[in-house]
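Residue strings, one per chain:
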Amino acid sequence: MAPGPRSLMPIALAGESVAAGFPSPAEDYIEKTLDLNEHLILHPEATFFVRVSGDSMIGASIHHGDLLIVDRSRMPQSGNVVIAHVDGEFTVKRLRKTKSGLELVPENPDYAVIPITPDAEFEVWGVVLHVIHTL
């Protein structure tokens, strides 16, 4: 689904970072507002969102039900997580270039690597840039 017109929805950004080690005293003020569009969507006209079904990418912290932010304008590189269309099916996998060609690699040992054969219908629909999931 393509994003609609850019809408502003400012969200408060705390003036201090949060310590991941020992706690730090909280600040009593807000530094500025933050628009997530500025940080998550680099090319609005080429960005789409897709919900994940399945668990083949859990090793990459992509879980069933997560929302992926995908950029179609990015040139896919070996090592990128991509949305691919293979023989009439969509999948999210890590793209890997090998001596013999391309393959789509799951991040769960319960799933097999998908080799991209010369006779396969194959297209990368976009590069996954962000994963949104609830803790």
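A quick note: this is a predicted structure, and the numbers were derived from the prediction, not measured.

## Thoughts on the nonpolar core
By size, the foremost hydrophobic cluster in this structure holds ten residues: Phe 48, Val 52, Met 57, Ile 62, Leu 68, Val 70, Val 81, Ile 83, Val 92 and Val 128. Those elements giving two or more residues to this core turn out to be strand S4 (67-71) and strand S5 (81-86). Counting residues in each nonpolar core, the second largest holds seven residues, with Val 82, Ala 84, Val 86 and Ile 116 among its members.

## A few points about the sheet that holds strand S6 (residues 89-98)
Pairing within the open sheet is antiparallel, and its seven strands lie in the order S3-S4-S9-S5-S6-S7-S8. Of all the strands in the sheet, the pair left with one neighbour each is strand S3 (47-51) and strand S8 (114-115). Direction of pairing for S6 relative to strand S7 (residues 101-105): antiparallel, over a ladder of five bridges. In the strand pairing of S7, Leu 95 is matched with Leu 104.

Cut-offs applied
Residues numbered from 1 in each chain as written. Predicted model: local features only at pLDDT ≥ 70, side-chain atom pairs only at ≥ 80, totals over all residues. Heavy atoms only, no water. Core = buried A, V, L, I, M, F, W, Y, C linked by side-chain atoms within 4.5 Å. Buried < 20%, exposed > 50% of the residue type's maximum accessible area, 1.4 Å probe, protein only. Helix = DSSP H or I, 4+ residues; strand = E, 2+ residues; numbered from the N terminus. Pairing = 2+ DSSP bridges.

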